[in-house]
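Chain by chain, the residues run as shown.
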Amino acid sequence: MTQTIRHATRAEFDTIIDWAAQEGWNPGLEDANAFWAADPEGYWVSTEENTLAAAISLVRYGSDYAFLGFYVARPAYRGRGIGLALWKRAIAEAGDRTVGLDGVVAQQENYRKSGFVRSHANIRYGGVVDVKEPPGTNLIDVAPVHAPALIAYDRGFNPASRDAFLREWTKQLKTRRSVVLLRDGTITGYGTLRACREGYKIGPLFADTETGADLIFRKLAAEVKGGPVYLDIPEPNVSARALCERHNMKPVFETARMYRGPAPDLPLGRIYGITTFELG
C-alpha cells in the first residue's frame, strides 16, 4: 500500500471536522473558516491509495509557538503506524517552536514519550443554563471596529498573536455571537458563543475580573434558551470552577494542557474559558 503525507485541502478539512464529530469532540457548526484562517498550511493528512486515512493539525502562531490537534486515524487504519508517521511529520514542521496540545487522559503517556510535559488540567463543564441577559450598556456585540483592540487584548492571554483567526472567530453569524465588556471604552473581557453539533460552547471567555466573566457568560448563555452549554476551563482557576457550579454545570470531560518546549506563562486566573481544545 502506498502511504502519502501531505497538506490537507480546504475541502478535506471539512471531512476532518466530521471525523472529529464522530469521535465525540463536538465541533462548532461553523468552526472551519476560522480554523483554516489560523494557518492554511497547518493541517495534514495521510492517504493510502488516495483514501484519507488519518489527520493532524499543527497550527503555527508566529515564529515561537504552535498548537497540535485534530489527531485522528480512521478506525480501519489504526494500529498500523500510519498515525505515528503523520505525527512525526507534523511535529517536524514546528521547528524550534514551543508546541502545546490538550491531551485526553488515555494518550498523555504517549505524549510524554514525545517530549510533552503536563502543565495543568482543562475541565469541560456542561449543563442547561437558565439565566437572563444582564442589563447595562457595557456589554456590546463585537464589530469590525473592535478588531485592533480585541487582538491586542487577546494577545495577553495567548503565547502569540492570532490576528487572522480572531477576525474570523468573532464574526457575528447565525450560529455564533461574540461580545466585549467595556470599561471607560477599554476592553476588560470578551467571549464567544457558538452552536455545536450538540448544544453550544462558550470560548474563549477571558476577563479581568470574576464579575466581568460572569457578566459575559450570562450575556452569551441567555441566547441559548434551554439547550446545553459547555465551557472548557483551566482547572487551576478556582473562580472559573465557581462560575460553572453557580450555573449548575457539571464536569463532563478532561484533558491535560501539555507543552513541548518552554511552557508559556499564561494568566490562568483570568482565563475562564479556553478557546478550543483543537487550537488552544
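Criteria and thresholds
- Residues numbered from 1 in each chain as written.
- Predicted model: local features only at pLDDT ≥ 70, side-chain atom pairs only at ≥ 80, totals over all residues.
- Heavy atoms only, no water.
- Salt bridge = Lys/Arg side-chain N within 4 Å of Asp/Glu carboxyl O.
- Helix = DSSP H or I, 4+ residues; strand = E, 2+ residues; numbered from the N terminus.
- Buried < 20%, exposed > 50% of the residue type's maximum accessible area, 1.4 Å probe, protein only.
- Expected span 1.5 Å × (residues − 1).
- Core = buried A, V, L, I, M, F, W, Y, C linked by side-chain atoms within 4.5 Å.
- Contact = heavy atoms within 4.5 Å.
- Pairing = 2+ DSSP bridges.
- Phe/Tyr/Trp six-rings, centres within 6.5 Å; stacked < 30°, edge-to-face > 60°.
- Polar contact = N/O pair within 3.5 Å; in protein donor to acceptor, adjacent residues only side chain to side chain.

1. Overview of the pattern of salt bridges
Here is step 1: Here the structure, examined in full by the defined rule, presents 22 salt bridges.
Here is step 2: As a salt-bridge pair, D31 and R176 come within 3.1 Å of each other at their nearest N and O atoms. Highlighted residues: D31 in the loop between α1 (10–22) and α2 (32–38) and R176 in strand β8 (residues 176–183), separated in sequence by 145 residues.
Here is step 3: Given a relative accessible area of 0%, D31 falls into the buried group.

2. Considering helix α7 (residues 210–221)
Here is step 1: The first and last C-alpha atoms of α7 sit 16 Å apart over twelve residues, in line with the 16 Å expected at 1.5 Å per residue.
Here is step 2: Counting buried residues along α7, nine of its twelve residues qualify, which places the element largely inside the surrounding structure.
Here is step 3: Among the residues of α7, G212, A213, D214, L215, I216, F217, K219, L220 and A221 are the ones counted as buried.

3. What to know about the nonpolar core
Here is step 1: Residues F13, F35, Y43, Y61, F70, F165 and L279 are the most contacted members of the largest nonpolar core, which totals 41 residues.
Here is step 2: Ignoring any residue separated from it by four or fewer positions in sequence, one finds Y61 in contact with A38, A66, F67, A160, S161, R162 and L279.
Here is step 3: In terms of nonpolar packing, the next biggest core, distinct from the first, is built from 28 residues, L193, A207, L231 and Y272 among them.

4. Describing the pairing of strand β6 (residues 117–128)
Here is step 1: In terms of strand pairing, β6 meets strand β12 (residues 250–260) through nine bridges, oriented antiparallel. Paired with I123 across the bridge in β12 is E254.
Here is step 2: Examined bridge by bridge, β6 and strand β11 (residues 228–234) share seven bridges and lie antiparallel to one another. Its bridge partner being in β11, V128 is matched across the sheet by P228.

5. Quick notes on the packing of aromatic side chains
Here is step 1: Applying the stated criterion across every chain, the model contains 19 aromatic pairs.
Here is step 2: Each ring, one from Y153 and one from F157, has its centre 5.0 Å from the other, and the planes form 50°; the classification is tilted.
Here is step 3: Accessibility expressed as a relative area gives 2% for F157, which makes it buried.
Here is step 4: Between F253 and F277, the aromatic rings sit 6.0 Å apart at their centres with planes inclined by 55°, giving tilted as the arrangement. Of this pair, F253 sits in strand β12 while F277 sits in the segment after β13 (271–273); the two residues are 24 residues apart in sequence, bridging distant segments of the chain.

6. Looking at the environment of R89
Here is step 1: Counting through the fold element by element, R89 comes out in helix α3 (residues 82–93).
Here is step 2: You can call R89 partly exposed: its relative accessible area is 34%.
Here is step 3: Looking at R89, its side chain comes within polar contact range of the side chain of E93, at 2.7 Å.

Geometry only, nothing functional implied.
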